[in-house]
Amino acid sequence: MATWTAFAAATPWLASSIRALLHQYGPGMGYLATVRADGGPRVHPVSPIVADDGLYLFVIDSPKRRDLERDGRYALHAFPAEDTDVEAYVSGRAVPVTSVAVVDRLVRLHRAAPTVDWRLYELTVESALLHRHEPGAYPMTWRDPASRREPAADRRPRQPFLQLVAA
């Protein structure tokens, strides 16, 4: 999975548009979808941080944090804008940040409360989408080239699952 920095270097216009939507009201605002233990979706409002070196999220002890600890897949959708119907999302995997320097810098910049049980995650980017719902518009998308899977036709099992025999 790509870092936000790699994604922004590959598609600067798309990254800056998504960043603008995530931070349109000042602090980051969006909805985080995670995967529950039973495989279903879970959606929570969150405050993502788009920094020069990555896309981050402080997550308190909660069902969404347990989802991320168990299965790091996520989708982050920007909070809807009041004056337009443009929408944006990114998806990938959430990775716990272990760098003390990064954690300390983001704690200071975003005033994370030291008495709260939170964990900092970096959100890697596997795919991103920006869509303006206007005539003739089509979604602008990006997918991390390193995460592309082989075409479905190439994923067929080498041996058939069941053999048909004549009766």
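To start, this report covers the structure provided alongside it.

Quick notes on the rules
- Residues numbered from 1 in each chain as written.
- Predicted model: local features only at pLDDT ≥ 70, side-chain atom pairs only at ≥ 80, totals over all residues.
- Heavy atoms only, no water.
- Salt bridge = Lys/Arg side-chain N within 4 Å of Asp/Glu carboxyl O.
- Helix = DSSP H or I, 4+ residues; strand = E, 2+ residues; numbered from the N terminus.
- Buried < 20%, exposed > 50% of the residue type's maximum accessible area, 1.4 Å probe, protein only.
- Phe/Tyr/Trp six-rings, centres within 6.5 Å; stacked < 30°, edge-to-face > 60°.
- Pairing = 2+ DSSP bridges.

Moving on to the pattern of salt bridges. With the rule as written, the count across this model stands at 11 salt bridges. Across the salt bridge formed by Asp67 and Arg70, the nearest N and O atoms sit 3.5 Å from each other. One end of the pair is Asp67 and the other is Arg70, both in helix α3 (residues 63–70) and three residues apart, which spans about a single turn. Look at Asp67 and you get buried, because its relative accessible area is 1%. Relative accessible area serves as the criterion here: at 42%, Arg70 is assigned to the partly exposed category. Its salt-bridge partner being Asp71, residue Arg73 comes within 2.7 Å of it at the nearest N-O pair. By relative accessible area, Arg73 is classed as partly exposed at 40%. Owing to a relative accessible area of 15%, Asp71 belongs among the buried residues under this scheme. What emerges from the salt-bridge pattern is a single network uniting Asp61, Arg65, Arg66, Glu69 and Arg119.

One pass over the structure, following the stated rule, counts five aromatic pairs. Look at Tyr31 and Phe79: their rings are 5.8 Å apart centre to centre, the planes differ by 25 degrees, and that puts the pair in the stacked class. Within this pair, whereas Tyr31 is found in strand β1 (residues 30–35), its partner Phe79 is found in the loop between β5 (73–78) and β6 (87–96), the two being separated by 48 residues in sequence. Ring-pair connections join several aromatic residues into one group, and the members of that group are Trp4, Phe7 and Trp142.

Attention now goes to the pairing of strand β8 (residues 127–131). Two faces make up the sheet, and in a regular strand the side chains alternate between them. Buried residues dominate β8, accounting for five of its five residues. The alternating pattern of β8 places Ser127, Leu129 and His131 on one face and Ala128 and Leu130 on the opposite face, and all of these are buried. In the sheet, β6 pairs with β8 via five bridges, with the strands oriented antiparallel. For Tyr89, the partnering residue across the bridge sits in β8 and is Leu129. Of the pairings in the sheet, the one linking β8 to strand β9 (residues 140–143) comprises four bridges and is antiparallel in character.

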